[in-house]
Structure formats: structure tokens, C-alpha cells
Number of protein chains: 2
Amino acid sequence: MSTIKEYLDQNKDRFLEELKELLRIPSISADPEYKQDMLKTAEVVKSRLLDAGCDTAEVCETPGHPVVYAEKILDKDLPTVLVYGHYDVQPPDPLDLWDSPPFEPVVKKTDIHPEGAIFARGACDDKGQMYMHVKALEYMTQNGELPCNVKFMIEGEEEVGSEHLEWFIKENKDRLQNEVILISDTGMIAKDVPSITTGLRGLSYVEVEVTGANRDLHSGLYGGAVANPLNVLSQMIASLTDENNHITIPGFYDQVEELSEEERQKMAEAPFSLEEYQKKLDINNVHGEKGYSTLERASIRPTLDVNGMWGGYIGEGAKTVLPSKAYAKISMRLVPDQDWKKITELFQKHFESLAPDSVRVKVKPHHGGYPYVTPIDTVGYQAASKAYEKTFGKTPIPQRSGGSIPIVSLFEKELDSKIILMGFGLDTDAIHSPNENFGVWNYLKGIETIPWFYKYFTEMHQQ
Amino acid sequence: MSTIKEYLDQNKDRFLEELKELLRIPSISADPEYKQDMLKTAEVVKSRLLDAGCDTAEVCETPGHPVVYAEKILDKDLPTVLVYGHYDVQPPDPLDLWDSPPFEPVVKKTDIHPEGAIFARGACDDKGQMYMHVKALEYMTQNGELPCNVKFMIEGEEEVGSEHLEWFIKENKDRLQNEVILISDTGMIAKDVPSITTGLRGLSYVEVEVTGANRDLHSGLYGGAVANPLNVLSQMIASLTDENNHITIPGFYDQVEELSEEERQKMAEAPFSLEEYQKKLDINNVHGEKGYSTLERASIRPTLDVNGMWGGYIGEGAKTVLPSKAYAKISMRLVPDQDWKKITELFQKHFESLAPDSVRVKVKPHHGGYPYVTPIDTVGYQAASKAYEKTFGKTPIPQRSGGSIPIVSLFEKELDSKIILMGFGLDTDAIHSPNENFGVWNYLKGIETIPWFYKYFTEMHQQ
């Protein structure tokens with residue numbers, strides 16, 4: 001494994017170019033218009049996996065976007081690493097806030113990344129992080145350093161709730177058997193503070209529609225006398241949280257795991273500067289549930305956020321319309337042991353009960369996922385920790401993330417193995433936002449660290 | 001005047017065709033993209049006024065969209081009627097709710113209009129109603145029935161707050177001198193219940209912007225810890241009204257004229273079926289300020305309506321974004337003696353005070369106008385009433401409308417004359433909404449009634 005640094009030096013320009021090529025395809029899973037681009041991306045991922053040394057690779061059809069499956073089996077008696085990632089990306093809106101087009105990747109130097117960062121939708125989430133694994137495999141196969149079997153499952157629906165992955169996993173249970181699942185779809189605390197994600201929040205995502213009159217009305221002739229769906233929806237949303245930013249849905253907190261004082265104290269020891277945090281976001285104050293710190297609010301506490309809201313006239317200038325309809329997309333991040341299906345039901349029931357009889361309300365559940373927490377005393381975690389120590393010179397910090405990878409808890413349940421979340425992104429990567437980027441240093445560091453995980457995991461597993 | 005019905009019979013097809021031609025030009029004053037169409041419409045109106053018998057007509061430049069001015073002076077000793085109307089229209093959004101394209105007028109039969117109605121943006125508001133006056137003038141000049149002087153002032157900024165009309169009026173005070181101002185930009189109770197509008201609400205229109213972090217964030221990584229501008233804006237809007245739908249802005253009601261029990265009782269006598277009203281709008285219940293009837297809520301009470309609201313991801317599917325910004329367009333309808341400039345200030349001050357320190361708020365005043373009430377014992381009102389009696393066979397009901405024509409109170413102040421609001425539209429005309437239309441019967445009835453007003457007004461004025 002001593003040759004990995006040399007190999008990176010010799011190949012880094014090509015590694016960057018290959019990633020850029022992948023980033024040029026707008027694989028937006030949420031928008032049916034990009035169906036062909038989704039297929040094209042899957043085909044490119046498949047051929048890159050074959051190039052990197054997989055014995056077989058396949059674009060597997062599902063009722064939705066396809067899953068790319070590939071494998072290289074050395075020996076049935078050796079352990080198997082299953083790599084999960086996704087080739088789909090978030091929609092790039094709002095486009096006007098991008099400094100360069102989202103699907104024309106460019107490398108630019110930034111304060112945090114003097115070595116340059118790749119700017120493009122999906123640069124970090126998750127094409128960049130997924131592709132680290134492809135290149136790490138290439139290194140291992142080219143240099144005779146692959147110590148175990150490896151399987152890849154790269155899906156195309158992560159950004160829309162992995163709707164058909166459960167179906168795929170159940171259909172392919174035997175083929176997917178493994179000793180550990182390796183995922184790079186999270187971040188670390190800082191470039192000099194490596195961390196491994198040990199928890200993820202769950203998710204319930206719904207869309208609501210409030211209807212007043214059967215048509216848009218003149219706000220002068222009807223205003224004051226007929227319900228305005230935008231005013232009503234604002235009131236309904238406002239009532240979902242109280243003055244302490246506590247969520248008011250009955251039963252919402254019933255299953256929430258309360259951390260012990262000891263656990264909270266340990267969390268508080270993680271390096272974090274509130275001043276830095278506020279400065280980076282250009283805010284005068286943070287905002288959240290009373291009684292919890294910012295780190296706690298963003299990881300161990302559930303949330304309710306409006307992700308989008310619209311209705312009435314939203315063009316230039318003024319229009320005195322009393323709209324017929326108002327809409328909102330609302331997501332709730334969940335923590336152990338909240339059941340997203342139950343929470344979705346509680347939301348729906350409560351939201352419907354909030355509506356005055358002057359409007360009609362529809363709640364449409366989009367998707368969801370269970371929260372996940374992993375112990376740190378497993379072989380997988382220890383191998384990952386050792387790999388980071390090797391390449392960063394520091395023991396990584398176990399960290400619970402506020403994000404969600406809804407499918408993670410399903411992996412554990414269906415495939416009966418532990419998941420290791422080795423993320424190399426940073427908070428500043430602007431994933432899901434305009435100007436998403438991924439540090440070139442982080443990309444290469446990921447490729448450097450992954451083979452060490454394979455080595456240590458195989459060694460420790462065989463002991 | 002006995003020949004007006006015959007003249008209508010002979011010319012009604014042409015009258016419809018001419019109106020359709022005007023409706024085909026998308027004169028959307030709110031959108032700078034339609035500047036050329038605005039100019040084109042002004043030119044067409046000018047040439048139609050000349051065709052109808054005006055001695056002079058002119059497209060007068062203003063710092064905004066031009067005003068068309070025209071006149072026919074018979075004799076300086078005769079009284080002068082000043083006709084006001086507007087050639088601009090509301091934006092047609094949302095386009096997908098139109099059954100036929102908004103700028104391709106078609107005549108279709110409806111339940112209310114078995115004779116057909118013209119469907120197009122501006123059909124009623126105000127191209128159709130404005131053009132009735134042009135055709136009434138044509139009849140009078142062609143048949144030697146014009147009894148007095150007439151002036152036309154047709155503006156292009158009514159739908160955006162008549163921003164430059166005050167300037168125009170002050171610049172042209174002498175030229176605009178008149179004995180009465182005649183406007184058809186309102187409605188009547190029903191085809192068989194003629195009414196004359198005696199009051200209009202004022203207006204204050206503002207746009208608000210709430211900013212959280214300096215960029216869109218991932219709702220998993222930041223959700224719960226950083227203010228969500230959509231949640232915050234919803235809370236701020238919700239707090240603008242209380243549980244009785246009373247507006248909570250301090251000082252908002254200070255200048256509101258309270259009607260006497262007698263006046264309210266008289267209002268309650270107007271023909272109105274709540275059941276019909278709810279059925280037409282397909283609502284289970286009305287919604288408004290506690291202690292007032294639907295008719296009162298929509299005419300003599302002030303309101304606060306969100307006319308548009310947007311932020312975050314509003315496309316297909318799901319996006320877990322914590323948006324940086326949220327926006328709303330908010331209008332308040334005002335009643336005597338509320339001062340729109342003062343109300344705008346009160347709103348701004350209060351709204352800014354509502355914002356938590358985790359967000360920043362901007363309030364941008366758009367435009368506004370004063371409320372207006374006119375007495376019914378004037379020569380103008382009596383002449384109009386007599387004209388309706390002649391053509392409808394019924395005395396029209398004086399009615400206060402909930403709509404606003406912000407410029408009306410200015411006319412009274414600057415030109416020192418009374419305004420007569422002879423509207424021929426119906427509530428069901430869907431002005432400002434998709435599928436705006438104007439009954440062919442109403443259009444022709446307007447052209448038939450207007451010359452009688454000229455006759456009676458001149459006679460009564462000279463007595």
C-alpha cells in the first residue's frame with residue numbers, strides 16, 4: 001500500500017478529468033425530463049467500474065431509475081466490502097445564484113481549498129465521493145493490493161428517497177451479501193479534524209396543498225370575505241412550532257431518544273466555534289429549539305423545515321390576486337427511535353385538523369427514512385479509524401450528523417451488516433445549494449484512505 | 001337617442017371585432033418585457049378615439065407608460081364629461097388555468113351569458129368597459145346626439161398603481177377641466193340588478209423579503225439550528241391577524257370609519273345570498289373578521305391579504321433545502337379614512353419589529369391609493385341613475401365596492417369634480433383571474449346606457 005501516494009501523484013489529473021466528465025451529465029433524479037441523462041450516467045458508471053477492475057458490471061433496471069451493480073470476487077473465503085453510493089444529484093435551482101453553470105465543472109481555488117475545489121452539482125454529493133471508491137479500486141487492482149472481495153451498488157434515486165432500492169435489495173439479497181457496507185456520502189469536521197459519522201437523522205418529507213375558492217379571485221372584491229390560502233397556510237405552518245421552537249404535532253416527541261448528560265457533555269467537547277459558524281453563514285444569531293446547543297439541534301434533535309412554499313403571483317411587480325391555492329414542501333428530520341411512517345401519519349392527521357372549514361387541505365407524503373446510529377466498537381469502525389490515522393495522522397472523531405441517508409437503516413435490517421460512513425466532504429461544500437464544490441485535496445485524500453480501510457478490515461476480520 | 005338600439009343592432013358585430021383586436025395586444029404594464037405592446041395599444045386607442053369623432057387625440061408620454069388623451073369640444077359653455085379608463089391589463093398568470101389563451105379572445109356561451117361572453121385578459125378590466133365609451137361616443141357623433149363636450153384620459157398604469165397619473169394630471173390641469181368624471185371600471189350586482197358604485201377601498205401594496213443564512217443550506221446539516229426564512233415568514237404573516245381575523249398592526253384601525261347601525265342595516269338589505277356566494281366559489285364556509293357580514297367584510301372593512309409568496313424549492317419532487325430567502329407580496333385594502341401612506345409606514349415598522357434576530361427583513365412599498373366614497377345627491381349620480389332606469393327599467397342600487405381604483409380620490413382633489421362609477425361588469429367576470437370574461441350583453445348594455453347619461457347630465461346640469 002506504500003505506493004498509493006505515488007500512484008495518486010501520477011494519475012491525479014486523469015482522476016479529476018474523469019470526475020468532471022461524470023459531473024457534466026445532469027443526472028437530476030427529481031425531474032422526469034432528465035431520464036435519458038440518468039441512464040447515460042448509469043452507463044458511464046458501469047464502464048468506469050469495469051475499467052477499474054470489476055469482473056462484472058450491470059445497469060439493473062428498477063421500476064424507477066436503474067441501479068449500477070458491479071463486483072470483483074477474489075475468493076469466497078475472503079470478506080466482502082459492499083460500496084454504496086449514488087449517481088443522481090439534487091436539482092440545481094436557483095440557477096442564478098451559481099457563479100458557474102452547475103453542469104460545467106471547473107476547478108477554482110478558495111480560502112479553504114488553496115489546492116482548488118471542483119465546482120459542480122454533485123461534485124461532493126455524491127458523484128465525487130462515490131468516484132473516490134472507483135479510483136481506490138483501480139489503484140488496488142492495478143497494484144495487486146486488493147485484499148478482499150468488493151461489490152458496488154450505485155443507485156440513482158437517493159435524492160428522491162431511494163424509492164426502489166428496498167425492492168432492489170430484496171430482489172438481490174444473495175448477490176449483495178457482504179461483511180461490511182462502506183459509504184462516502186457524509187462529511188468530516190474539518191480538513192485537519194477527520195471524523196466518522198456514527199449517526200444519521202431520519203426523514204419524513206410531505207407536500208401540502210391548501211385550496212380556498214375554486215379560482216383565483218380579485219383581492220379587492222373578495223379580500224376579507226373569503227379565505228386566503230396563503231394566509232391560512234402561513235398560520236397552519238406557524239402553529240406547527242411553539243415559542244420555544246418545539247414542534248407541536250401531538251405525539252411527535254414520543255419516541256425521541258433522550259441523550260444522557262454524559263453523552264451530551266461528550267458531544268459538547270467536539271471542536272466547534274459558534275462565532276465562526278455564524279460568521280460563515282452571515283447570521284446575527286442561530287435559531288432553534290430552546291434548551292439545546294447548535295450541535296445538538298443539528299444532530300440529535302428532530303426538526304420541521306419548510307423546504308419550499310409558493311402560491312399567488314410571484315412575478316415582477318404587483319398583482320392583487322387572492323389565490324385559489326397555496327403549497328408547501330415540508331420535511332422533518334427524525335432521530336432514534338422515531339418511525340418515519342408513524343410521524344408522517346401524525347403530521348397528516350394534525351395538519352388536516354388545523355385547517356379551518358373555509359379551506360380544503362391535501363397532504364401528500366413524498367418519502368422518508370429511518371434514523372440510524374452505529375456503535376464504534378465494531379471491526380468496521382476500528383478499521384476505518386485506523387485508516388484515517390494512517391493518512392491524516394490523527395484519530396477520527398465519531399460524530400452524529402444531522403443529515404439523512406434514508407436507506408442506511410434498511411441496509412442493516414436487510415443485509416445484516418454494519419455500515420461505515422467514511423465521508424470526506426466539508427460543511428462548506430454547499431451540497432444541495434448553488435456552487436456545490438468538493439476540495440481536490442479531499443477527493444485525493446479519500447482515494448488515499450480507502451485502500452487502507454480494505455487492508456485493515458481484511459486483516460482484522462480474519463483475526 | 002331613440003336610435004341607439006337600432007345602431008347597436010347594425011354594428012354589434014363590428015363593435016365586438018374591434019374590441020377583440022384591442023384584446024389581442026398583451027398590454028401588461030407590470031412586466032417591462034411588454035413595453036412595446038403598451039405603446040402599440042396606446043396608439044390603437046388613440047386612432048379609435050379619432051375614428052369615433054374626437055377632434056384631437058394624443059399619446060402623451062409620461063415617465064412610465066403613456067396616457068392617451070383625446071377630446072371633442074362642441075361649445076365652451078356646455079358642460080364637459082371626462083372619461084377615465086385604462087388600457088393596461090393584469091398579468092395573465094397562472095397560464096395553465098386558462099381554458100383559452102389570454103390574448104386570443106373568443107366568444108363563448110356560459111350559464112350567466114347565454115348571449116356569449118368575450119374571454120380574454122382585459123375583456124372586462126378595463127379594455128371592454130373602456131371601449132364602451134368609445135363606441136357610445138361614435139354613436140352620439142354619428143347621429144348628432146352628443147349634447148356636451150367630452151374628454152378622454154386613458155392611462156396605462158392602473159394595474160401597477162397609476163404611478164405617473166398624478167404627475168400627468170398636475171401637468172395638464174387646465175386641459176382636464178370638467179364637470180363630471182365618468183369611469184366604467186367596476187361591476188354591478190347582477191344583470192337584472194343594476195347598481196352604481198359609491199365607494200372604493202384604498203390600497204397599500206408591499207413586498208417583503210426575509211433572509212436567513214447567506215446561501216441555501218442542506219436542511220439535514222443545518223435544519224433545526226439555523227433560522228428557516230419560510231418558517232419565520234409564515235410565523236410573521238400569521239401574527240398579522242388574530243383569532244378573530246382582526247389585523248394586529250398597532251394603529252391600523254385608528255382612522256377606520258365605523259358605519260352607523262342604520263347604514264349597516266341599509267347595506268344588509270342589498271340582495272345577497274350567502275348560499276349562492278359559497279356555491280359559486282365552491283367553498284364550505286366564508287372566512288373573515290368576526291362581527292361583520294360577508295358584504296361588510298368585502299366593502300367597508302380593511303383587509304390584509306398575501307397576494308403571492310415564494311421561497312425554497314418549488315419544482316417537481318422533493319429537495320431538502322433550507323432556503324436563504326423567502327418572499328411575500330402583501331396588500332391591504334383600506335377604507336375611509338385610512339391614509340395609505342401612513343398604513344404603509346405602520347406595516348413596515350411593525351413587520352420589521354416582528355423579525356427575530358436570526359433573520360434580516362426588508363419591506364419594499366410597491367404602491368397605494370386612498371379610499372373613496374361619493375354622495376348620491378349629486379347631479380352626476382342622479383343622471384347616471386336615470387340612465388340605468390331608462391335602459392334597465394330599474395333604479396340602480398348604490399353600492400360600496402371592495403375594490404380599489406387608487407386614482408379616484410386624487411381626481412376629486414386635483415380636478416375638483418365628482419366621479420361617477422358606472423360599471424357594467426359582474427362578479428363572475430374573473431377579473432385578475434384566469435378566464436377573465438365580459439358578457440356581450442353587458443358590453444352592449446353599457447354602450448346603450450352611456451349616451452343617456454350624457455343627455456340627462458347635460459339637461460340636469462343646465463337646469
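For every chain, the first residue of its written sequence is number 1, and the numbers climb from 1 along that sequence. To label them, take the chains in the order written and letter them from A, then take the ligands in the order written and number them from 1. Restriction of local features to residues with pLDDT of at least 70 applies here, the model being predicted, together with a cutoff of 80 or more for giving and counting side-chain atom pairs; totals for whole chains, interfaces and linings are based on all residues. Working from all heavy atoms in the structure, the side-chain values ignore hydrogens and water.

## As for the interface of chain A and chain B
Interface size is commonly expressed as the accessible surface area that is lost when the partners come together. As a reminder of what qualifies: Any two residues whose heavy atoms approach within 4.5 Å at even a single point are treated as in contact. By buried area we mean how much accessible surface two parts lose on assembly, using a 1.4 Å probe and totalling the loss over both. What makes a salt bridge here is a side-chain nitrogen of Lys or Arg within 4 Å of a carboxyl oxygen of Asp or Glu, nothing more. The definition of a polar contact used here is a pair of N or O atoms within 3.5 Å, where within protein one atom must be able to donate a hydrogen and the other to accept one, and adjacent residues in sequence count solely through side-chain atom pairs. Counting from the N terminus, the helices are DSSP H or I runs at least four residues long and the strands are E runs at least two residues long. In this count, Pro and Cys sit with the nonpolar residues alongside Ala, Val, Leu, Ile, Met, Phe, Trp and Tyr, while Asp, Glu, Lys and Arg are called charged and the others, Gly among them, polar.
Between chain A and chain B, the residue contacts involve 90 residues of the former and 90 residues of the latter. Together chain A and chain B conceal approximately 7,500 Å² of surface at their shared face, both sides included; 51% is due to carbon and sulfur atoms. Viewed at the interface, chain B and chain A are joined by 2 salt bridges. Among the salt bridges present, the one from D282(B) reaches R360(A), with a minimum N-O distance of 3.7 Å. Linking chain A with chain B are 48 residue pairs in polar contact (both at pLDDT 80 or more). Counting residues per element, the side of chain A that touches chain B draws most heavily on strand β11 (residues 305-312) of chain A, at 8 residues. Residues of the side of chain A that touches chain B, tallied by class, amount to 35 nonpolar, 36 polar and 19 charged.

## Some thoughts on the relation of the copies chain A and chain B
Where we set the bar: Alignment of the copies relies on least squares applied to C-alpha atoms, considering only residues that score at least 70 for pLDDT in both.
You can overlay chain A on chain B at an RMSD of 0.1 Å; the transform is a turn of 180° with a shift of 0.0 Å along its axis. Here the transformation between the copies is reduced to the relation of a two-fold axis. Mapped onto chain B, 100% of the interface residues of chain A are again interface residues, and the two copies thus contact each other with one and the same surface.

## Digging into the sheet that holds strand β4 (residues 106-108) of chain A
Residue and element names in this part refer to chain A. In plain terms, the rule: At least two bridges found by DSSP between two strands is the condition for calling them paired. In this analysis an axis means a line fitted to C-alpha atoms, helices contributing only their contacting stretch, and an angle means the value between N-to-C directions, from 0 to 180 degrees.
Across the sheet, which stays open at both edges, the 3 strands sit in the order β4-β5-β18 with antiparallel pairing between neighbours. Lying at the two open borders of the sheet, with one neighbouring strand each, are β4 and β18 (437-439). The mean inter-strand angle of the sheet, taken between neighbouring strand axes irrespective of direction, is 30°. Note: strand β5 (residues 117-119) against β18, 3 bridges, orientation antiparallel. Note on β18: the bridge partner recorded for A117 is G439. Relative to β18, helix α12 (residues 440-462) is tilted by about 60°, and along the sheet it contacts β4, β5 and β18.

## Details of the pairing of strand β13 (residues 325-334) of chain A
Residues and elements named next belong to chain A. Heads up, the rule is: Relative accessibility under 20% of the residue-type maximum defines a buried residue, over 50% an exposed one, and the middle range a partly exposed one, all with a 1.4 Å probe and only protein chains included.
Within β13, 8 of the 10 residues are buried, which leaves the element mostly enclosed by the surrounding structure. Bridge count between strand β9 (residues 202-211) and β13: 10 bridges; the pairing is antiparallel. Residue pairing across strands places S204 opposite M332, the latter belonging to β13. The pairing of β11 with β13 spans 6 bridges and is antiparallel. From the neighbouring strand, D305 faces β13, where its bridge partner is S331.

## Considerations on the packing of aromatic side chains
To keep things clear, this is the line we draw: In this scheme Phe, Tyr and Trp rings, the latter by its six-membered ring, pair at centre separations within 6.5 Å, and the angle between planes marks the pair as stacked below 30 degrees, edge-to-face above 60, and tilted otherwise. A ring is considered to have a charge above it if a Lys NZ or an Arg CZ atom is located within 6 Å of its centre and within 35 degrees of its normal.
Within this structure, the stated rule accounts for 34 aromatic pairs over all chains. Ring geometry for Y84(A) versus F411(A): centroids 5.0 Å apart, planes at 65°, classification edge-to-face. In this pair, Y84(A) is assigned in strand β3 (residues 80-86) and F411(A) in helix α11 (residues 408-415), connecting sequence segments 327 residues apart. With relative accessibility at 0%, the residue F411(A) sits in the buried group. When the centroid spacing of 6.2 Å and the interplanar angle of 50° are considered together, the rings of Y7(B) and F15(B) count as tilted. Among the aromatic side chains, those forming a connected cluster through ring pairs are Y388(A), F392(A), F424(A) and W441(A). Lying over the aromatic face of F392(A), K445(A) brings its terminal NZ or CZ to 5.5 Å of the ring centre.

## Quick look at the domain arrangement of chain A
All names here are of chain A. Operational definition: For each domain, the first and last residues come from an automatic or database assignment.
As assigned here, chain A comprises domain 1 (4-200 + 371-462) and domain 2 (202-257 + 300-369). Of all residues in domain 1, the largest losses of buried area upon contact with domain 2 belong to P371, R400 and S404, amounting jointly to 59% of the total for that side. Across the domain 1-domain 2 interface, the total number found is 3 residue pairs in polar contact (both at pLDDT 80 or more). Partitioned by chemical class, the residues of the side of domain 1 that touches domain 2 number 5 nonpolar, 4 polar and 1 charged.

## Here's the deal with the sheet that holds strand β14 (residues 360-369) of chain B
The sheet built from 8 strands is open, its strands ordered β14(A)-β9(A)-β13(A)-β11(A)-β11(B)-β13(B)-β9(B)-β14(B) with antiparallel pairing. In this open sheet, the two edge strands, each paired with only one partner strand, are β14 (360-369) of chain A together with β14 of chain B. On average, adjacent strands in this sheet sit at an angle of 15° to one another, irrespective of strand direction. Both β9(A) and β14(A) contribute to a ladder of 9 bridges, which runs antiparallel.

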